[in-house]
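Notes for the structure review
Each chain, written out:
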Amino acid sequence: MVWGQISLMYGGTLSFGLVNYPFSEFELIAEELLMSDSMVKVYGALRLSVKVLLMWNSKLQIDGGQDPVVGSSLLEGSNLVALREGSVISSNSNLGVHGQGLLKLYGLGDIIKAQRLFLSLFYNIHIGTGSTLQAPLKDSSKMELITNLLCESPTCPEELIHPSEDCNVNATLSFTVQICRVEDIVVDGLVKGSVIHFHLARTVTINPGGLVTSSELGCRRGMGKGLISSNGAGGGGGHGGKGGPGFFNGHLTEGGEEYGNADLPCELGSGGGNSTSGGTTTGGGLIVMGSMEHPLSRLEIFGSMRADGESSKSIMESQNVDVMGGSGGGSGGSLLFFLQTLTLGNNSLLSSSGGHGGQPGGGGGGGGRVHFDWFNIATGDEYVPMAAVNGTILTRGGTGIDDGHDGKDGTLTGKECPKGLFGVFCEECPIGTYKDVNGSSEALCIPCPPEELPHRAAYTFVRGGVTKPSCPYECISDKYHMPHCYTPLEDLIYALGGPWLFGLLLSGLLVLLALVLSVARMKFVGTDEFSGPTPTPHESQIDHSFPFLESLNEVLETNRTEESQSHVHRLYFMGSNTFNQPWHLPHSPPDEITELVYADAFIKFVDEINSLAAYQWWEGSVYSILSLFAYPFAWSWQQWCRKKKFQQLREFVRSEYDHACLRSCRSRALYEGLKVAATPDLMVAYVDFFLGGDEKRPDLPPRLQQRFPMCIIFGGAGSYMAPYTLHSDNLLTSLMGQVVPATIWYRLVAGLNAQLRTVRQGRLHSTLMPVITWLGTHANYGLSLQGVQVDLAWFQPTASGYYQLGLVVNSVDEVAHTTPVSEFSNTISIEQLRTNDVCSYRQYVPCLGNSQYTHLSSTDRRINGAIINSFTLRCLKNQKDVLFPLSFVLRNTRPVGHQDLVGLIISILLLGDFSLMLLTLLQFYSISLGAFLVVLLILPLALLSPLPAGINALFSHGPRRSAGLARVYALWNVTSVVNVVVALIYGSVHYKIQSTSDEGAQNFHALNFSTEESGWWLFPTTLLLCKCVQAPMVDWHIANLEIQDRTLYSKDPAKFWES
């Protein structure tokens, strides 16, 4: 006992006991023992108790002799035990090293070895790179004595499963290396032993390059010993897997059998070959981490842990034994883990593999056993993965040499997992499966019932696994709603009882709302639209009910009569008042007014008018842009520009222009000689010339018969929005009243407009023919009694090919003196009229203007055009624009009557259109926000505008206003078809791509109705059909509004005029 420090330096040696009598026990107590390049030799047993043991290139050798009583030595370093620079502590008997601080072997050559080695009570043990802990000694004669205790016993030693907690040195235990009651163990070097046990430790870390091994330190015989024949090769040892049979000289030698418990392996591996031949191999040893009561908190392996069987090759090389056949390989040992968590890093290795057979014909050893006994496996939300495995775990059998067979693979097992978990590492069952029983087999994870998985749903990950058949799931996208993963649209459908009931409820609701809407419309609008034929203007001009109103009307009639008496000529503007065909007047004054105007001043007046009538470039640009995105707005913009242009022209002539072109001083002074007017559709404008009263011309103004042939140009353009119409203003009515009674003239105008509304540009050849026929059979039938005849004609052709249609009014007597076409048959035949050569004359005009082919051949020069008859009609140029295809959907038709029923159907379709539009948008919103915006905004506002436009049209006052608004509603309806077509195209592409991407994947679908996938097209297709049905209904509604007198279409001319 030394109260201070003991230092051995520079080759110093301290020796205890006698070499030949190593039976004594020695005790050395000191504060510190420092050794540098020195040696301590003990013959017997040593009890060393110090606070600090430091060894630098030094050795502590203990020779315990053969006495088992004094054979165990104990070294205690309470604070620090450190070995550096090749220091060695060795004992040929049992050795215990205890402490409360740090035990560290720093590096290469630092070794602690004994026959049995016990390390305990340290706070930390660090086995540095190149250092070694080893027990038993490799060449010790006691090695087989230690292992034989376990090799022949079929039962697992109690101390392996339930070891003592006192951690004292005990020679009766099965361990050769035990590390007990150590907080943290770090292995960078080598830990080697037959039976290695880490007990009551918190964490064990094996770093890269570190190795804990019991390979080739198991049984030479054992319960799975491989057999050998006298003239054959040895079979491999068996353990977790059967040993591979050896084969040599035609003799097959069986390998060792399997033994042990895969769920709690505690056996050493068995040898292969024959021990008496000297060529036997050794099985792998046993490594136990933790215990059932005290598992390791954490095991981290970045290096290796092995319990492999010995290969015959190494035996043959080391012992140089010559046998007839090769020995079999030893079987793998056992790796038994009692853990809470495990980490296997990259390139790490756990191995309990069988050894290879020797040449020639040796069988491979069977694989060993690896088992993980997890402690306190948490379940449910408290579950955390217990293993992170990125390394390799091997239990494979050894390879047979030549004709020798391979050993069978060993076992890799884990503790029985609770519900929801499976496998060696008790992981969650795969998504889409559940496990409601205890066990580790993957087969216990049963697929979830597919009928309980909604359409468009996917099973979700659940912490701790799924323990019930009702597997949790979530919708494949946020656009679907739990629990049925329906789109918002489908939620609505199924909330109302399913698709069929929803369809019935929606249909009933639409009919009910349409009835309410129709009743409200009739209450609001009144009887404006249902009052029957509109009274003629003549009948409604004078109201004799009140005297003061009568006087006012008489004054108006007097003014109109005076105005007609001073009227000289009506000069029509050329062009259609569009951005590319603005109004313009010809520079040459017509013959009728040459005596009333100054030629030069008239040209200047025309220049000013034409300049004012032309549009700015940006106005046409705005129209073009609106035409692309919202054509109804483009039409409204054009009408607004036309109205503004007309007001500018009228204001210019009325107040700004000084009338300098007129010869009359009175007209120039009073600004009364010129007036600008236009048709209601603002397509045709004209300038009326009046006498000033100071001309002193008795021949002016001319009587109506003197004006013949007189031209009356139709308003409109033969389009849906502006059909051809004959606008009879007060002045024209008064003029015609000179020869035709007002009632007859009004009847003619009404009947002609009824015929003209069906004429369409682009199809003039077929649609004008009924008009020509009607003029011959009906119009001239009544007018001929008044000595007047009317004919259809074209007027004022322009260089661009535009022309105007209208009537030529002439007296019957003058027509009788003209030469009919038939009289020229000997000059020009009908066949010639049908040839292209006839029609090619004067190509800048729409039709042949040659006097040989007109009924007014002597006067066609005066009308600046030509008569259209059945022969010249085919020469008329059809003017088709890009919107011509719409004329097959939007067209002015004849009235069908049943105005109430048509209005009700339109109300139903309008509400249905709006409902289907909302359902379609809701459906595409369920696809994505992008799809929703594409369908909604490809033509902005097109889908949303039909409802307000339709309501506005249905609830407007007056037939004319209602008809105009209904046309706008029809435009919005057809425009929105583009959005619906885009929806169909987008849906087709989207679901085609989706079906392609899902091809080959297993999908579980519930048996339900879906507006997506198979039935996505239902709503947009129904919406398209609804819009297509609306179009003719609106056309009939407009016809009923504009033509309330059905007798206008009477086929009997007499009945027509009687009405």
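Since this is a predicted model, take the numbers as computed values, not measurements.

So, how was this worked out
Residues numbered from 1 in each chain as written. Predicted model: local features only at pLDDT ≥ 70, side-chain atom pairs only at ≥ 80, totals over all residues. Heavy atoms only, no water. Pairing = 2+ DSSP bridges. Helix = DSSP H or I, 4+ residues; strand = E, 2+ residues; numbered from the N terminus. Axes fitted to C-alpha atoms, helices over the stretch in contact; angles between N-to-C directions. Contact = heavy atoms within 4.5 Å. Phe/Tyr/Trp six-rings, centres within 6.5 Å; stacked < 30°, edge-to-face > 60°. Buried < 20%, exposed > 50% of the residue type's maximum accessible area, 1.4 Å probe, protein only. Core = buried A, V, L, I, M, F, W, Y, C linked by side-chain atoms within 4.5 Å. Parallel < 35°, antiparallel > 145°, perpendicular 65-115°, else oblique. Left-handed = near helix turned anticlockwise from the far one by under 90°. Nonpolar A, V, L, I, M, F, W, Y, C, P; charged D, E, K, R; others polar. Disulfide = S-S within 2.5 Å.

Describing the sheet that holds strand 44 (residues 865-867)
One open sheet accounts for four strands, arranged 41-43-42-44; its pairing is antiparallel. Here the strands that pair on one side only, and so sit at the sheet edges, are strand 41 (710-713) and strand 44. When strand polarity is set aside, the average angle formed by the axes of neighbouring strands in this sheet is 35°. Taken together, the four bridges between strand 41 and strand 43 (residues 804-811) define a ladder with antiparallel strand orientation. Residue pairing across strands places Cys-711 opposite Val-808, the latter belonging to strand 43. Docked against the sheet, helix 16 (residues 769-783) engages strand 42 (788-795) and strand 43, running at close to 145° with respect to strand 42.

Quick word on the sheet that holds strand 39 (residues 674-678)
What the three strands build is an open sheet, ordered 38-40-39; its pairing is antiparallel. Since the sheet does not close on itself, it has two edges, and those belong to strand 38 (567-572) and strand 39, each with one partner. The average undirected angle you get between the axes of adjacent strands in this sheet is 25°. By the bridge criterion, five bridges tie strand 38 to strand 40 (residues 685-690) in an arrangement that is antiparallel. Of the residues in strand 40, the one forming a bridge with Tyr-572 is Tyr-686.

Thoughts on the packing of aromatic side chains
We describe a pair of aromatic rings using the distance from one ring centre to the other and the angle between the two ring planes. Tallying each qualifying case throughout the model produces 22 aromatic pairs. Residues Phe-372 and Phe-425 carry aromatic rings whose centres are separated by 5.3 Å and whose planes lie at 55° to one another, so their mutual orientation is tilted. Pair noted here: Phe-372 is in strand 28 (residues 369-374) and Phe-425 is in the loop between strand 32 (421-422) and strand 33 (427-428), with a separation of 53 residues, a long-range link. Residue Phe-372 is classed as buried on the basis of its relative accessible area, which comes to 0%. In this structure Phe-425 comes out as buried when scored by relative accessible area, which is 13%. Summarising the aromatic geometry, the rings of Tyr-991 and Trp-1016 are spaced 5.6 Å apart at their centres and angled 25° between planes, so their arrangement reads as stacked.

Looking at the nonpolar core
Core analysis: the largest hydrophobic core is formed by 113 residues, its most contacted members being Phe-714, Trp-745, Leu-752 and Leu-775. Considering each element in turn, this core owes the most residues, twelve residues, to helix 24 (residues 959-997). Contact partners of Trp-745, with chain neighbours within four places excluded, come to Ile-712, Leu-726, Ser-728, Leu-732, Thr-733, Met-736 and Val-740. Listed in part, the 72 residues of the second largest apolar core include Met-35, Val-81, Val-191 and Cys-417.

Things to note about the packing of helix 8 (residues 599-613) against helix 10 (residues 631-656)
Orientation of helix 8 relative to helix 10, taken along the N-to-C sense of each, is 155°, at an axis distance of 9 Å. Between helix 8 and helix 10, the angle is such that the two are roughly antiparallel. Where helix 8 crosses over helix 10, the handedness of that crossing is right-handed. Contacts from Phe-605, Glu-608, Ile-609, Leu-612 and Ala-613 of helix 8 reach helix 10 at Lys-645, Gln-648, Leu-649, Phe-652 and Val-653. Its residues assigned to classes, the contact of helix 8 with helix 10 shows seven nonpolar, one polar and two charged.

Structural notes on the environment of Gly-330
With respect to the secondary-structure elements, Gly-330 resides in the loop between helix 3 (312-319) and strand 25 (334-339). Looking at Gly-330, the relative accessible area reads 0%, which means it is buried. Sequence separation between Gly-330 and Gly-366 is 36 residues; the distance between their C-alpha atoms is 7.4 Å. The residues touching Gly-330, leaving out its near neighbours within four places in the chain, are Ser-270, Gly-271, Gly-272, Thr-281, Thr-282, Gly-283, Gly-309, Glu-310, Gly-354, Gly-355 and Gly-365.

Here's the deal with the state of the cysteines
Evaluated as defined, the whole model comprises six disulfides. In this model Cys-475 forms its disulfide with Cys-485; the gap between the sulfur atoms is 2.2 Å. On the sign convention where negative means left-handed, the S-S torsion of about -100° between Cys-475 and Cys-485 marks this disulfide as left-handed. Taken together, the residues Cys-475 in strand 37 (residues 473-475) and Cys-485 in the loop between strand 37 and helix 4 (488-495) connect sequence positions ten residues apart.

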